Amino acid sequence: MLNIENLTINIQQTPTKNVSNETLDSQSPVVVRDELVSTLRIISEDPRLLGQQVSIPEDCEQYGFAEGSFDIPTLLHFLADMLE
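Below is a summary of the structure that appears in this document. None of the values given here were measured: they were computed from a predicted structure. Starting from 1, residues in each chain are numbered consecutively following that chain's sequence as written. Side-chain atom pairs in this predicted model are given and counted only at pLDDT of 80 or more, local residue features only at pLDDT of at least 70, and totals for whole chains, interfaces and linings cover all residues. Computation of side-chain values covers all heavy atoms of the structure but excludes hydrogens and water.

Description of the overall build of the protein
And step 1. Secondary structure elements are taken from DSSP: a helix is a run of H or I of four residues or more, a strand is a run of E of two residues or more, and numbering for both begins at the N terminus. Tallying secondary structure elements over the protein gives two helices and two strands in all.
And step 2. Reading the protein from its N terminus to its C terminus gives the helix and strand order α-β-β-α.
And step 3. Exposure is judged per residue with a 1.4 Å probe applied to protein chains only, and the accessible area is read against the type maximum: over 50% gives exposed, under 20% gives buried, and values in between give partly exposed. Burial analysis of the protein (84 residues in total) assigns 15% to the buried set.
And step 4. For the protein, the share of sequence-separated contacts (at least 6 apart) that also reach a separation of at least 24 residues comes to 38%.
And step 5. For the accessible areas, the method is Shrake-Rupley and the probe is 1.4 Å, while residue cover comes only from the protein chains on display. If you sum the accessible surface of the protein, you get close to 6,800 Å²; carbon and sulfur atoms cover 54% of it. Only heavy atoms enter the contact rule, under which two residues are in contact if any of them lie within 4.5 Å.

Spelled out as structure tokens, the structure:
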């Protein structure tokens, strides 16, 4: 089981009049990507994830993921590197 606390991500489909400047749609895509990269790296360093694995099934290859069992911190850091 993976439990991540104290992380909030606000995603809205359509902008509204009362949207604060803190939402993702009010910032440039580059800023949002940089924040995501930073967040993935921070989460990957959480000691509670050490030794945790995620299993990716065979049918996820259509989304670009290889089948197998992967170390969660390493996978998150890899995803951050790929987004950067």
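Quick look at the nonpolar core
And step 1. Counting residues in each nonpolar core, the largest one holds seven residues, listed as Val37, Leu40, Ile43, Leu49, Ile72, Leu76 and Ala80.
And step 2. At the level of elements, helix H1 (29–44) and helix H2 (72–83) are the ones that each hand at least two residues to this core. Residues belong to one nonpolar core when they are buried, are Ala, Val, Leu, Ile, Met, Phe, Trp, Tyr or Cys, and are joined through side-chain atoms within 4.5 Å.

Examining H2
And step 1. Residue count minus one, scaled by 1.5 Å, sets the expected span of a helix. The terminal C-alpha atoms of H2 lie 16 Å apart, and with twelve residues this matches the ideal 16 Å at 1.5 Å per residue to within 8%.
And step 2. Listing the buried residues of H2 in full gives Ile72, Pro73, Leu75, Leu76 and Ala80. End-on view of H2: buried residues confined to an arc of 165°, all on one side of the axis. H2 presents Thr74 and Met82 as exposed residues on the side facing more than 90 degrees away from its buried surface.
And step 3. At its buried positions, H2 is contacted by H1, strand E1 (53–56) and strand E2 (68–71). The arc under discussion is defined with respect to the helix axis, by the directions toward the C-beta atoms.

Quick notes on the side chain of aspartate 46
And step 1. In this structure, aspartate 46 sits in the loop between H1 and E1.
And step 2. The exposure class assigned to aspartate 46 is buried, which follows from its relative accessible area of 18%.
And step 3. Pairs of N or O atoms within 3.5 Å make up the polar contacts considered here, provided that, within protein, one atom can donate a hydrogen while the other can accept it, and that residues adjacent in sequence are counted only when both atoms are side-chain atoms. A distance of 2.6 Å separates a polar atom in the side chain of aspartate 46 from a polar atom in the side chain of arginine 48.

A few points about the pattern of salt bridges
And step 1. Salt bridge, as used here: a side-chain nitrogen of Lys or Arg that lies within 4 Å of a carboxyl oxygen of Asp or Glu. Enumeration over the complete set of coordinates arrives at four salt bridges.
And step 2. Residue aspartate 34 is joined to arginine 33 by a salt bridge in which the shortest nitrogen-to-oxygen separation is 3.7 Å.
And step 3. For arginine 33, a relative accessible area of 34% translates into the label partly exposed.
And step 4. Measuring nitrogen to oxygen at the nearest pair gives 2.6 Å for the salt bridge that ties arginine 41 to aspartate 81. Placement of the pair is arginine 41 in helix H1 and aspartate 81 in helix H2, with a sequence separation of 40 residues.
And step 5. Salt bridges sharing common partners tie together Arg41, Asp81 and Glu84.

Interpretation in functional terms is not warranted from these geometric data alone.
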